[in-house]
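# Survey of secondary and tertiary structure
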Amino acid sequence: MSKLSILGELWGFLRARKKWWLAPIVIFLILLGALIVLAEGSALAPFIYTLF
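## Topic: unusual backbone geometry
- Positive phi, normally seen in glycine, also occurs at Lys18, with a value near 60°.
- As for its placement among the helices and strands, Lys18 is situated in the loop between helix H1 (3–17) and helix H2 (22–39).
- Take Lys18: its relative accessible area is 60%, and that puts it in the exposed class.

Structural data, given as structure tokens:
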């Protein structure tokens, strides 16, 4: 199962069930995950991990 299909299913769920209040939470989690993945190998990693 690809990552895009999971996002597509999530989008379909949000549209069908009218759960628009979940959209900001999902977007924030995706951005947070991307920040952690991108900062893993950089010199900024110790500073980002102290935030959490």
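On we go.
## So, a nonpolar patch on the surface
- Together, Trp21, Ile25, Phe28 and Leu29 make up a nonpolar patch on the protein surface, roughly 480 Å² of accessible area in all.
- Mapped onto the elements, Ile25 comes out in helix H2.
- A relative accessible area of 42% places Ile25 in the partly exposed class.

## Let's talk about the confidence of the model for the chain
- Summing up the model confidence of the chain, the mean pLDDT is 80 and the portion of residues at 70 or higher is 85%.
- By mean pLDDT, helix H3 (residues 45–51) is the weakest element of the chain at 71, and H2 is the strongest at 84.

About the thresholds
- Residues numbered from 1 in each chain as written.
- Predicted model: local features only at pLDDT ≥ 70, side-chain atom pairs only at ≥ 80, totals over all residues.
- Heavy atoms only, no water.
- Helix = DSSP H or I, 4+ residues; strand = E, 2+ residues; numbered from the N terminus.
- Buried < 20%, exposed > 50% of the residue type's maximum accessible area, 1.4 Å probe, protein only.
- Patch = residues over 30% accessible without salt bridge, like charges linked within 9 Å, V, L, I, M, F, W, Y side chains within 5 Å.
- Areas by Shrake-Rupley, 256 points an atom, 1.4 Å probe, with all protein chains shown as cover.
- Salt bridge = Lys/Arg side-chain N within 4 Å of Asp/Glu carboxyl O.
- pLDDT = per-residue confidence, 0-100.

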